[in-house]
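Spelled out, the chains give:
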Amino acid sequence: MKTNIILTGFMGAGKSVIGKKLEATCKKGLVSTDDLIEKREGRPITAIFKDSGEPYFRKVEDEVTREVSQQTNVIVDCGGGIVLNKDNVANLKQNGVVFYLSATPEQLFERIKGETHRPLLHVDNPLEKIRELLKCREPFYRQADHTIDTSDKTVDDIAKEIIRLMPNE
Ligand code: S3P
């Protein structure tokens, strides 16, 4: 029986806020792969990217993903790039149902503009960068078990939809 709720999607898709809502509603723990990476490294993600580079970050992300995939009864708030490694998706699916929280580039941009902790968006034109990355990543995100269009829904509605789609919740 799959008891983990795996939240994937682009930066700004609402994984963290929906993860917290689900944690308050179901009897499951909440883990964030970004938090685990920062804890393990003892430095923020921006510093990992800046000083050690993205490939190093991805290596730690893969390790952390392997570990959280073994847990049960948890909600996993995944970093937006986790799906780029197909082994991560396969690992997460062992004990979990994978949800892709989808949104348009414009909505994602609206939600994250002004925030500074996402190194991939430290560019002159973040909206264009979001469009470009999302286009490349969309097929990977679509490997999820379920896609939830977050466009016109409240956090409550999205959480309820996810719970409805989980076996035995
Ligand atoms: C990334 C998303 C970030 C974080 C890192 C890389 C990505 O997580 O893992 O900055 O490649 O999309 P969030 O999606 O939680 O912002």
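As a reminder, the structure under discussion sits directly above these lines.
The structure displayed is predicted, hence computed values, not measured ones.

**Student:** Explain the environment of Val123 here, please?
**Tutor:** Counting through the fold element by element, Val123 comes out in the loop between α6 (105-112) and α7 (126-141). Separated by ten residues in sequence, Val123 and Leu133 place their C-alpha atoms 13 Å apart.

**Student:** What should I look at first to understand the pattern of salt bridges in this one?
**Tutor:** A complete count under the given rule lists 15 salt bridges for this structure. A salt bridge links Glu41 to Arg43, with the nearest nitrogen and oxygen atoms 2.8 Å apart. Glu63 is the salt-bridge partner of Lys59, the closest N and O atoms lying 3.8 Å from each other. One end of the pair is Lys59 and the other is Glu63, both in helix α4 (residues 54-69) and four residues apart, which spans about a single turn. Members of the salt-bridge network, linked through shared partners, are Arg40, Lys59, Glu63 and Glu67.

**Student:** Help me understand helix α3 (residues 45-52), please; the structure alone is not making it clear to me.
**Tutor:** Residues that lie three or four places apart on an α-helix share one face, since the helix turns once every 3.6 residues. Listed in full, the buried residues belonging to α3 are Ile45, Ala47, Ile48 and Phe49. Residues of α3 that are buried make contact with α2 (33-41) and α4. After α3 finishes, the residue Gly53 shows a positive phi value of roughly 90°.

What counts and how
- Residues numbered from 1 in each chain as written.
- Predicted model: local features only at pLDDT ≥ 70, side-chain atom pairs only at ≥ 80, totals over all residues.
- Heavy atoms only, no water.
- Helix = DSSP H or I, 4+ residues; strand = E, 2+ residues; numbered from the N terminus.
- Salt bridge = Lys/Arg side-chain N within 4 Å of Asp/Glu carboxyl O.
- Buried < 20%, exposed > 50% of the residue type's maximum accessible area, 1.4 Å probe, protein only.
- Contact = heavy atoms within 4.5 Å.

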